[in-house]
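Observations on the three-dimensional arrangement
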Amino acid sequence: LSTLRATQGVPCFKFFNLREKKNMANQNDETRLPPALHNALKDQELHSNHSFLLRWNINSCSNITCNKAGTVEESLKISAQFKKTTAKNKGKELVILREGRAISPNSPCILIKQGDDLNVKYVKAVEQPRKLVGAYASLCRNKRPYELVIFHVLTKGGKSIMKILKNPALRAIHEITIYAYKGETVKRALKRDGRLLSTIFKKNFVLSNKSTSVKTELSNIVDELNDETFQIILLDRSSPPESLPGSLDEAYLVPNEIQGQSESENDNTLKQDSEGNEKITAGNLPVEIPNSKRMQNQLCSQFTESLKGRKTQIPKLSHIQNLFRVDFGQSAQMCREVDTLKKLMGHSDSVCQVRINGKPNGSGFLLFGSCVLTNGHVIQNIYNETRGQLIERVSVHFSYERVEQTEPGLDVVELVCFECIPDVPGGDWALLKLSDNQMIPKALLKHFGFLPKDGGISIIGHPDGGVKKIDPCLIVPSQNRIKVAERHYWENKDFVQLVNSRFFEGVAESIYQKNVLTYESCFYHCSSGSPVFDKQSNVVAVHSGGYMYRSASGETQSVIEFAHPLSAIMERLILQLVVRGKHDVLKEYLACSYAQHEIVMEGVKNLVKKGNVDFRNAVNNLCTAAVSKDVRLNKFLKFFCQTDEPILMDIQDRHGFI
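Identification of the chain as Protein FAM111A from Goodea atripinnis is taken from an unreviewed UniProt entry.

1. Brief notes about the overall build of the chain
Helix and strand content of the chain: 20 helices and 26 strands. Taken over 658 residues, the chain has a buried fraction of 45%. In the form shown here, the chain has an accessible surface area of approximately 35600 Å², with 51% of it arising from carbon and sulfur atoms.

2. Quick word on unusual backbone geometry
In this structure, Ser-213 is a non-glycine residue whose phi angle is positive, near 65°. By the element assignment, Ser-213 lies in the loop between strand E9 (204-209) and strand E10 (215-217). Residues other than glycine seldom take positive phi values, yet Asp-464 does so here, at roughly 60°. With respect to the helices and strands, Asp-464 occurs in the loop between strand E21 (456-461) and strand E22 (469-474). A residue is classified by how much of its surface remains accessible, and Asp-464, at 55% relative accessible area, is exposed.

3. Re the packing of helix H16 (residues 583-591) against helix H19 (residues 631-641)
If you want to describe how two helices pack, look at the angle between their axes and the distance between the axes. Axis separation between H16 and H19 bottoms out at 9 Å; the angle between their running directions is 95°. Looking at the two axes, H16 sits roughly perpendicular to H19. Residues Leu-586, Lys-587, Leu-590 and Ala-591 of H16 touch H19, and the partners they reach there are Arg-632, Leu-633 and Phe-636. Classifying every residue of the contact of H16 with H19 by side-chain character gives 5 nonpolar, no polar and 2 charged.

4. What about the nonpolar core?
Membership of the largest hydrophobic core comes to 45 residues, with the highest contact counts inside it found for Leu-367, Phe-368, Leu-373, Leu-431, Tyr-589 and Phe-636. Among the elements that take part in this core, helix H15 (residues 566-579) stands out by supplying 8 residues, more than any other. When residues no more than four places from it in sequence are discounted, the contact partners of Leu-373 are Gly-364, Phe-365, Leu-367, Trp-429, Ala-430, Leu-431, Gly-529, Val-542, Leu-566, Ile-569 and Leu-573. One finds Ala-102, Leu-165, Ile-178 and Leu-218 within the second-largest nonpolar core, a separate group that totals 30 residues.

5. Side note on the pattern of salt bridges
Going through the model one piece at a time under the given rule, you end up with 15 salt bridges. A salt bridge links Lys-433 to Glu-588; the shortest N-O distance between them is 3.4 Å. A residue pair is termed long-range when its members are at least 10 positions apart, and Lys-433 in strand E20 (residues 428-434) and Glu-588 in helix H16 qualify at 155 residues. Each of Glu-99, Arg-101 and Glu-175 takes part in one network of salt bridges that share partners.

6. Some details on the sheet that holds strand E5 (residues 117-123)
Within a sheet, neighbouring strands are paired by backbone hydrogen bonds and run either parallel or antiparallel to one another. Across the sheet, 10 strands lie side by side as E2-E1-E5-E3-E4-E8-E7-E11-E9-E10; this open sheet has mixed pairing. Strand pairing shows two members of the sheet lacking a second neighbour, strand E2 (60-66) and E10, which therefore form its edges. Across this sheet, the average inter-strand angle for adjacent strands is 40°, counted without regard to direction. One ladder, built from 2 bridges, connects strand E7 (residues 148-154) with strand E11 (residues 229-236); its direction is parallel.

7. Notes on the environment of Ser-208
Looking at the element boundaries, Ser-208 is found in strand E9. The buried category is assigned to Ser-208, whose relative accessible area is 11%. For the pair formed by Ser-208 and Phe-230, sequence separation is 22 residues and the distance between their alpha carbons is 5.1 Å. Once you skip the residues sitting within four places of it in the chain, Ser-208 turns out to touch Ser-213, Val-214, Lys-215, Thr-229, Phe-230, Gln-231 and Ile-233.

8. Notes on the confidence of the model for the chain
A residue-level look at the chain finds 72% of positions with pLDDT of 70 or above and a mean pLDDT of 77. Overall, residues 250-283 carries pLDDT values under 50, and its contacts beyond four positions in sequence, including any with other chains, amount to 57 contacts. Across residues 644-654, confidence stays below pLDDT 50; counting only partners more than four residues off in sequence or on other chains, it has 20 contacts.

9. A word on the environment of Asn-384
Mapping Asn-384 onto the fold places it in strand E16 (residues 383-384). Setting aside residues up to four positions removed in sequence, Asn-384 forms contacts with Gln-389 and Ile-391.

10. Examining the packing of aromatic side chains
Note on aromatic pairs: each is described by the distance of the centres and the angle between the planes. A full pass over the atoms with the stated rule returns 11 aromatic pairs. Geometrically, the ring pair formed by Phe-368 and Tyr-589 is edge-to-face, given 5.7 Å between the ring centres and 70° between the ring planes. Of this pair, Phe-368 sits in strand E14 (residues 359-368) while Tyr-589 sits in helix H16; the two residues are 221 residues apart in sequence, bridging distant segments of the chain. Neither Phe-368 nor Tyr-589 differs from the other in exposure class; each is buried. Note on Phe-448 and Phe-450: the rings are 5.2 Å apart at their centroids and 85° apart in plane angle, and the pair reads as edge-to-face. Given the relative accessible area of 3%, Phe-448 is considered buried. Judged by its relative accessible area of 23%, Phe-450 falls in the partly exposed class.

11. Side note on the environment of Lys-342
Residue position: Lys-342 is located in helix H11 (residues 338-348). With 195 residues separating them along the chain, Lys-342 and Ser-537 place their C-alpha atoms 9.5 Å apart.

12. Notes on the sheet that holds strand E15 (residues 371-374)
Pairing is antiparallel around the closed barrel formed by 6 strands, whose spatial order is E13-E14-E15-E20-E19-E18. Looking at each pair of strands side by side, their axes are set apart by 40° on average, direction ignored. In the sheet, strand E13 (residues 351-356) pairs with E14 via 6 bridges, with the strands oriented antiparallel. The residue of E14 that forms the bridge with Val-351 is Phe-365.

So, how was this worked out
Residues numbered from 1 in each chain as written. Predicted model: local features only at pLDDT ≥ 70, side-chain atom pairs only at ≥ 80, totals over all residues. Heavy atoms only, no water. Helix = DSSP H or I, 4+ residues; strand = E, 2+ residues; numbered from the N terminus. Buried < 20%, exposed > 50% of the residue type's maximum accessible area, 1.4 Å probe, protein only. Areas by Shrake-Rupley, 256 points an atom, 1.4 Å probe, with all protein chains shown as cover. Axes fitted to C-alpha atoms, helices over the stretch in contact; angles between N-to-C directions. Parallel < 35°, antiparallel > 145°, perpendicular 65-115°, else oblique. Contact = heavy atoms within 4.5 Å. Nonpolar A, V, L, I, M, F, W, Y, C, P; charged D, E, K, R; others polar. Core = buried A, V, L, I, M, F, W, Y, C linked by side-chain atoms within 4.5 Å. Salt bridge = Lys/Arg side-chain N within 4 Å of Asp/Glu carboxyl O. Pairing = 2+ DSSP bridges. pLDDT = per-residue confidence, 0-100. Phe/Tyr/Trp six-rings, centres within 6.5 Å; stacked < 30°, edge-to-face > 60°.

Listed below in structure tokens is the structure:
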């Protein structure tokens, strides 16, 4: 009291009232506070206002302030733009990304920290989204922030279970974030998340820490897993162990998950009469009894023991039954419609093997007229720059699809032009001229396309110098390239004889800076020059290389493969045809009309404006001579001779670099 009286300008009763309120709030007998004040203090303890950014794309984002406990999806619904976007994507699965990881829309909003960036997108749904409703949803809202635990799981499992997600579209994301509460088991947290296949709960799967390789069984509690990254691996094929006594498992805590329940039903949870009288809602849900943890553990242990004698043994599948068991986890992005496959098979007739003196050295495809496109490095070592010709016999073989085939192939009569500057986008190509009087398949330039940003692609070529093959694979976006290199490093970190960390670090640095299409394929040696097709069967790139190494098992592996965009190659090819005076081949190109021709011409003009004097002089000389009677060639020359300035296009966006 003497201290209070000595405080100048502040009445002592004011300090006393504040201290009294604080003491009253901390007492177990919370009934001493008025109900309204008690609820306000409790809400403030459970949830404080926090703001975060909802990012739609690189240049557009919205600031959202969450002022009420709930799920992340409920917080996003504060945004009118989010509601509008959700309505447009009805029936699709919502994916929320935080720090590049996918979090569940049902995660508590307190998972989002002040100033976090969230990215949202929608993917094809494989089932109706799960919503936490009922008593469990209310219980989650009443949890305090310090009780929350998060950990991360790789979207690809170990060697024995690569497919662990219900929705294969999520495999394009490297990690997902799982939330849990202290005392819960790993199994409970994974099951509630709802994005994993049920197969991982039927055998003895464990979490393997990516940093330490320490394994955590699904029956363990989550308390020590906070912010660690794990991969799901198969320990053995026995039944999973029982949960630890005292953990918050299914034995006594089961979420009431009802699909398709409306938002209004969620707000008034469990509006059902209890014994015909009081309705149970989030407000009057029974809370935990103080000092009851020990009793709870004892009851759970007794309950688990009582169940052991009542379990019915499930007969194991026989060997014959196992033969017919199928895991349906194929990525939807790699699936192809029958019509698309038929188109690809038709396009495969135009793919060839490039041989030097009868030995396979690469792949290629008929681009236009009687000209085959392959990589520049395929023929670089047999080209004499002084004489401007090939010094070895080169042939192409379009029908090598069976080992026993011995057709002689078609001889290359001229190397029209080529470049071998791998570090330049579109700088690794060669155009080979065949004889005009030979039977050749259809040209693929009519099916020209630009690079897709993501999804599935198909490569057709002759890997390892063998017969013609097709490899469907998925694009690796630029933001995931380093993660692919890291994965290969961790898989081979103990094999230091030939491969060390510097190799993978160099790969990560190199591939991150390349403006190329990247993916993981099985096309290695002798497949350079293979055409890469998108989901619409358009040829979009030329398969060019990868980063090879020998794994711990002695097998030849590649960290990641890449392809040069066909659009960038075409721009540089046309420029070279003009500079080198290959007018006959240029006419063949102009005779092969395709929808994107004008866009490619704009790209060539942009390259010329960067200072290619030889091209300008060659075009001006042709325009001055005016000797050509070819309508297409005259139109081509007029386009480059005109003085008006067209609107410049962004070359990088046009190529679709990812």
